[in-house]
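Residue-level structural notes
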Amino acid sequence: MTTEAPSGPRRSDATKAAILEAARERFAADGYERATIRAIARDAGIDPSMVMRYYGNKEGLFAAASEFDLRLPELGALPRKHIGAVLVSHFLDRWEQDEVLTALLRASVTNAAAAERAQQIFKGQLGPVAVGVCPDPAEAPRRAALVASQILGMALARYVLHFPPAVEMTREEVVSWLAPTVQRYLTDERP
């Protein structure tokens, strides 16, 4: 007797995908604190118990929904003087194209699990970039943290708190203000 492999994705895979899509949208729209398992389940068209079955709790769901690839550009091949501008431009693109990153930042301010997830993302993805371009790889974690302070600070002011001066700045102005600082953090010799 032979059994045939299913022709499409397993039903549980489709359910998980629907849950994650609904969670990303709900967390982006409502933020971590206001989003509920019931609302996410309703958006996914399933029973809330299924969310709990696959993700355990809201924190587990948020961690899964905020799997995020920053898609950082390869900076090693660039002329060193352009690294800051390329990195700042890249982050502006990421903030403007994906509301999940904004939701993660918003949640990180008030929720320990979200803050830990943001730390993991930036450490795991920005850290190696810093190692590749800074003069002393031993300083890379500190330099990456300084870069994150600039990038996340602007993102908080511009995309979460909507400070009028930060929102009103053109993209070119943001790059021209932040790029030299990010550049210095990554490539200059330590003062």
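Since we're looking at a predicted model, the values are computed, not measured. (Residues numbered from 1 in each chain as written. Predicted model: local features only at pLDDT ≥ 70, side-chain atom pairs only at ≥ 80, totals over all residues. Heavy atoms only, no water.)

**Quick notes on the overall build of the chain**
Each helix and strand counted, the chain has 10 helices and zero strands in total. The order of α-helices and β-strands along the chain, N terminus first, is α-α-α-α-α-α-α-α-α-α. Buried residues in the chain amount to 43% of all 191 residues. For the chain, the share of sequence-separated contacts (at least 6 apart) that also reach a separation of at least 24 residues comes to 67%. Surface summary for the chain: the accessible area is close to 10900 Å², and the carbon and sulfur share equals 54%. Between the mean site of the 23 positive side-chain charges and the mean site of the 24 negative ones, the chain shows a separation of 3 Å. (Helix = DSSP H or I, 4+ residues; strand = E, 2+ residues; numbered from the N terminus. Buried < 20%, exposed > 50% of the residue type's maximum accessible area, 1.4 Å probe, protein only. Contact = heavy atoms within 4.5 Å. Areas by Shrake-Rupley, 256 points an atom, 1.4 Å probe, with all protein chains shown as cover. Lys, Arg positive; Asp, Glu negative; His and termini not counted. Charge placed at Lys NZ, Arg CZ, Asp CG, Glu CD.)

**Some words on the environment of Pro165**
Tracing the sequence through the fold places Pro165 in helix α9 (residues 164–168). For Pro165 and Met154, which are 11 residues apart along the polypeptide, the C-alpha to C-alpha distance reads 11 Å.

**Quick word on the confidence of the model for the chain**
Overall, the predicted model of the chain reaches an average pLDDT of 87, with 95% of residues at or above 70. With pLDDT under 50 throughout, residues 1–8 is counted as low confidence; its partners more than four residues away or in other chains account for zero contacts. (pLDDT = per-residue confidence, 0-100.)

**A look at helix α5 (residues 83–97)**
An ideal rise of 1.5 Å per residue puts 21 Å on 15 residues; α5 measures up with 21 Å between its terminal C-alpha atoms. Within α5, burial applies to Ile83, Gly84, Leu87, Val88, His90, Phe91, Leu92, Arg94 and Trp95. Against the buried residues of α5 lie α6 (99–108), α7 (112–133), α8 (140–160) and α10 (171–187). (Expected span 1.5 Å × (residues − 1).)

**A look at the nonpolar core**
Ranked by size, the top nonpolar core spans 62 residues in total, and within it Phe27, Leu61, Leu87, Val88 and Leu126 carry the most contacts. Ranked by the residues each element gives to this core, the list is headed by α8, at 10 residues. (Core = buried A, V, L, I, M, F, W, Y, C linked by side-chain atoms within 4.5 Å.)

**Section: the packing of aromatic side chains**
Tallied over the entire structure, the rule returns three aromatic pairs. Residues Phe27 and Phe62 carry aromatic rings whose centres are separated by 4.8 Å and whose planes lie at 85° to one another, so their mutual orientation is edge-to-face. A residue pair is termed long-range when its members are at least 10 positions apart, and Phe27 in helix α1 (residues 11–34) and Phe62 in helix α4 (residues 58–65) qualify at 35 residues. A relative accessible area of 2% means that Phe27 is categorised as buried. Given a relative accessible area of 3%, Phe62 falls into the buried group. Ring centres of Trp95 and Tyr159 lie 6.3 Å apart, and the angle between their planes is 15°; on these two criteria the pair is classed as stacked. Of this pair, Trp95 sits in helix α5 while Tyr159 sits in helix α8, placing them 64 residues apart in sequence. Tyr159 matches Trp95 in its accessibility class, with the two residues each being buried. (Phe/Tyr/Trp six-rings, centres within 6.5 Å; stacked < 30°, edge-to-face > 60°.)

**Details of unusual backbone geometry**
With phi around 50°, Arg71 is a residue other than glycine that occupies positive phi space. Tracing the backbone through its elements, the reader meets Arg71 in the loop between α4 and α5. A relative accessible area of 48% means that Arg71 is categorised as partly exposed.

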